[in-house]
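# Topology and contacts: notes
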Amino acid sequence: MGMKRRMTTGIVFCLGMLLFCACGKEQSSKEDKVYLGVAYYDQSDTFLNSLIDCLKDELRDYEEEGNEASILIRGAGGSQRIQNDQVQELIDAGCNVLCVNLVDRANPSEIIDLARENNVPVIFFNREPVTEDMMQWDRLYYVGALSEQSGVMQGELAVELIESDVGVDRNRDGRIQYVVLEGEPGHQDSIIRTENAVDTLKSNGIEIEKLSNGIANWNRAQAQNQMLQMISQHQNKIELVLANNDDMALGAIDAYEKLNYTESALPVFLGIDGTDVGLEAVRDSKLAGTVYNDKEGQAAAILELSVALVTGEGMDAVALEKERYIYLPYFKVTKEMAEALLKDKNL
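Figured I'd write up the structure that's included with this text. Counting from 1, residues in each chain are numbered in the order their sequence is written. A pLDDT threshold of at least 70 governs which residues receive local features in this predicted model, and a stricter bar of 80 or more applies before side-chain atom pairs are shown or counted, although totals over entire chains, interfaces and linings include all residues. The side-chain values count all of the structure's non-hydrogen atoms but skip hydrogen atoms and water molecules.

The next thing to look at is the packing of helix α6 (residues 147–164) against helix α7 (residues 188–203). As a packed pair, α6 and α7 sit with axes 7 Å apart at the nearest point and diverge in direction by 35 degrees. In terms of crossing hand, the pair formed by α6 and α7 is right-handed. Taken together, the residues of α7 that come into contact with α6 (itself represented by S147, E148, S150, G151, V152, Q154, G155, E156, A158, V159 and I162) are Q188, D189, I192, R193, N196, A197, T200 and L201. Asp, Glu, Lys and Arg are counted as charged, while Ala, Val, Leu, Ile, Met, Phe, Trp, Tyr, Cys and Pro are counted as nonpolar; the rest, among them Gly, fall into the polar class. Tallied by class, the residues present in the contact of α6 with α7 amount to seven nonpolar, eight polar and four charged. Geometry is summarised by axes, namely lines fitted to C-alpha atoms with helices restricted to the contacting stretch, and by angles between N-to-C directions that run from 0 to 180 degrees. Segments assigned H or I by DSSP are reported as helices when at least four residues long, segments assigned E as strands when at least two residues long, and all are numbered from the N terminus. By definition, turning the near helix anticlockwise from the far helix through less than a right angle yields a left-handed crossing, and turning it clockwise yields a right-handed one. Note on contacts: a residue pair qualifies if any of its non-hydrogen atoms lie within 4.5 Å across the two residues.

Another aspect to go through is a negative patch on the surface. Judged by side-chain charge, D32, D61, E63, E64, E65, E68 and E313 come together as a negatively charged surface patch. In terms of residue count, the dominant contributor to the negative patch is helix α2 (residues 46–64) (three residues). For E63, the position within the fold is in helix α2. Residue classification places E63 among the partly exposed residues on the basis of a relative accessible area of 37%. Patch definition: residues above 30% relative accessible area lacking any salt bridge, with like charges linked at up to 9 Å and the nonpolar side chains Val, Leu, Ile, Met, Phe, Trp and Tyr linked at up to 5 Å. Computed with a 1.4 Å probe, the accessible areas rest on the Shrake-Rupley method; for each residue, only the protein chains presented here act as cover. Basic side-chain nitrogens of Lys or Arg form a salt bridge, by our definition, when they fall within 4 Å of a carboxyl oxygen of Asp or Glu. Residues scored as charged are limited to Lys and Arg (positive) and Asp and Glu (negative), so that His and the chain ends carry no count. To locate a charge, take NZ of a lysine, CZ of an arginine, CG of an aspartate or CD of a glutamate. Burial classes follow relative accessibility: with a 1.4 Å probe on protein chains only, a residue under 20% of its type's maximum area counts as buried, one over 50% as exposed, and anything between as partly exposed.

All right, on to the sheet that holds strand β1 (residues 34–40) then. With parallel pairing, the six strands of this open sheet are ordered in space as β2-β1-β3-β4-β5-β11. At either margin of the open sheet sits one strand with a lone partner, and together these are β2 (69–75) and β11 (325–327). Across this sheet, the average inter-strand angle for adjacent strands is 15 degrees, counted without regard to direction. Where strand β5 (residues 140–144) meets β11, three bridges bridge the pair, whose relative direction is parallel. Its bridge partner lying in β11, Y142 is registered against Y325. The pairing criterion is simple: DSSP has to find at least two bridges between the two strands.

What follows is about the packing of helix α9 (residues 246–258) against helix α10 (residues 276–283). Two elements in contact, α9 and α10, have axes separated by 9 Å at closest approach and are oriented at 50 degrees. Here α9 lies oblique to α10, going by the angle between them. As for how α9 packs across α10, the hand of that crossing is left-handed. Of the residues in α10, those touching α9 at D246, D247 and L250 are V277, G278 and A281. Counted by class, the contact of α9 with α10 contains three nonpolar, one polar and two charged residues. Orientation labels follow simple angle bins: below 35 degrees gives roughly parallel, above 145 gives roughly antiparallel, 65 to 115 gives roughly perpendicular, and whatever is left gives oblique.

Right, let's get into the side chain of N244. Within the secondary structure layout, N244 lies in the loop between β8 (240–243) and α9. What makes N244 buried here is its relative accessible area of 1%. Aside from chain neighbours lying at most four places away, what touches N244 is L181, E182, G183, S190, R193, T194, W218 and I272.

Bringing helix α8 (residues 220–234) into the picture now. Between the first and last residue of a helix there are one fewer steps than residues, each counted as 1.5 Å, and that sum is the expected span. Taking 1.5 Å per residue as the helical rise, α8 with its 15 residues ought to reach 21 Å, and the 21 Å between its terminal C-alpha atoms agrees with that figure. Those residues of α8 not exposed but buried are A223, Q224, M227, L228, M230, I231 and H234. For α8, the elements touching its buried residues are β6 (176–182), β7 (208–215), β8 and α9. Two residues or fewer past α8, Q235 is found with a positive phi of approximately 55 degrees.

Time to look at the nonpolar core. The criterion is simple. A nonpolar core is a set of buried Ala, Val, Leu, Ile, Met, Phe, Trp, Tyr and Cys residues joined through side-chain atoms within 4.5 Å. Among the nonpolar cores identified, the biggest contains 64 residues, and L181 and M227 are the most heavily contacted of them. At nine residues, helix α11 (residues 295–311) tops the list of elements feeding residues into this core.

Quick look at the state of the cysteines now. Pairs of cysteine sulfur atoms within 2.5 Å are what we label disulfides. One pass over the structure, following the stated rule, counts zero disulfides. Here C54 stays unpaired: no disulfide links it, and the sulfur of C99, its closest cysteine neighbor, is 14 Å away. Residue classification places C54 among the buried residues on the basis of a relative accessible area of 12%. Free cysteine: C99, not disulfide-bonded; nearest cysteine sulfur from C95 at 9.0 Å.

Strands sit in the order β7-β6-β8-β9 across an open sheet of four strands; the sheet is parallel. A single partner strand is all that each edge strand has here, and the edge strands are β7 and β9 (268–270). Strand-to-strand, the axes of this sheet are offset by a mean angle of 20 degrees, without reference to chain direction. Looking at chain direction, β6 and β8 are connected through four bridges and run parallel. Bridge assignment links V180 to a residue of β8, and that residue is L242.

Let us now look at the environment of F331. As for its position among the elements, F331 is in strand β12 (residues 331–333). Given the relative accessible area of 29%, F331 is considered partly exposed. Each C-alpha atom of the pair F331 and T290 lies 8.8 Å from the other, and the pair is 41 residues apart in sequence. With residues near it in sequence (within four places) discarded, F331 still touches M153, T290, V291, Y292, M337 and L341.

The next point concerns the side chain of R193. Here R193 is to be found in helix α7. Given a relative accessible area of 2%, R193 falls into the buried group. Any N or O atom pair separated by 3.5 Å or less is treated as a polar contact, with the protein-specific requirement of one donor-capable and one acceptor-capable atom, and with residues adjacent in sequence counted only for side-chain atom pairs. Side-chain polar atoms of R193 contact the backbone oxygen of N244, separated by 2.6 Å. Sequence-distant contacts of R193, defined by excluding residues within four places in its chain, comprise S147, S150, G151, W218, N244, N245, I272, D273, N293 and Y330.

Below, the structure is given as structure tokens:
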């Protein structure tokens, strides 16, 4: 009887140890799981949708390597109030890293407070909060690109085209008459991209004359409407269209096509972002060029940083500037480069 009791005790002990080990293993696995909560400003934004698709691809590759990961995505439809509620929802769902593309880059405090209260790190992306807000907590990061670089490169593309083709100055007055299609009013990328593109033209000795500008909120349809108004006002005087992103540049082209302008009467169109539709337009010689915003690199950086924050490993390998920023470089895209990029994407 004593032997049976000892055997039973031993079995219970062994089972207990097995359960303990299993629970410990399960807990460790759960702690290492990367559960991304993504909140972005508007579901209609072409570039952001592509970036998020790239992030999903990165996450899929990460899982195929034997890691646990999942993602929950919410679009705010342009409302900061809705985005704040969505961030709370993502935290309640158990997300252990928040990836936030702010509706209002100057108003992140409620999101920061929610994250800090729940000790969930935040990776802001694409829309950079002001420096003071980034200093509110030591678990705030940013992944994106330098807006001024995109503006400078767009300006350089314009300079190269103007210097290589006298036909850009259609009225032969020695000046380039231009219009600008801008994103949101007051948005840092809108302001910086526009200012740097124009300053680059001026610093390279190009005589320019601004005819008009229109706010199109990064949107193709709105850009078409704005362009129709500018064409009505300026007729054939417009020689260059500088758009803050590809969708707005394409909207400008749509306006001219709607009015049945001949190719010889069209201005030069330049965009920024290098979206797939933008690259196709460059390949097809509708857009004269664009500036590639490295969404693949940004997605990879977001995941690398997220994994390091969750697992506590690999943070030393993350290429942070000022301990919390990751900037991916832009590059200029003309027809030959667009063809190569599209071929690489199998498009």
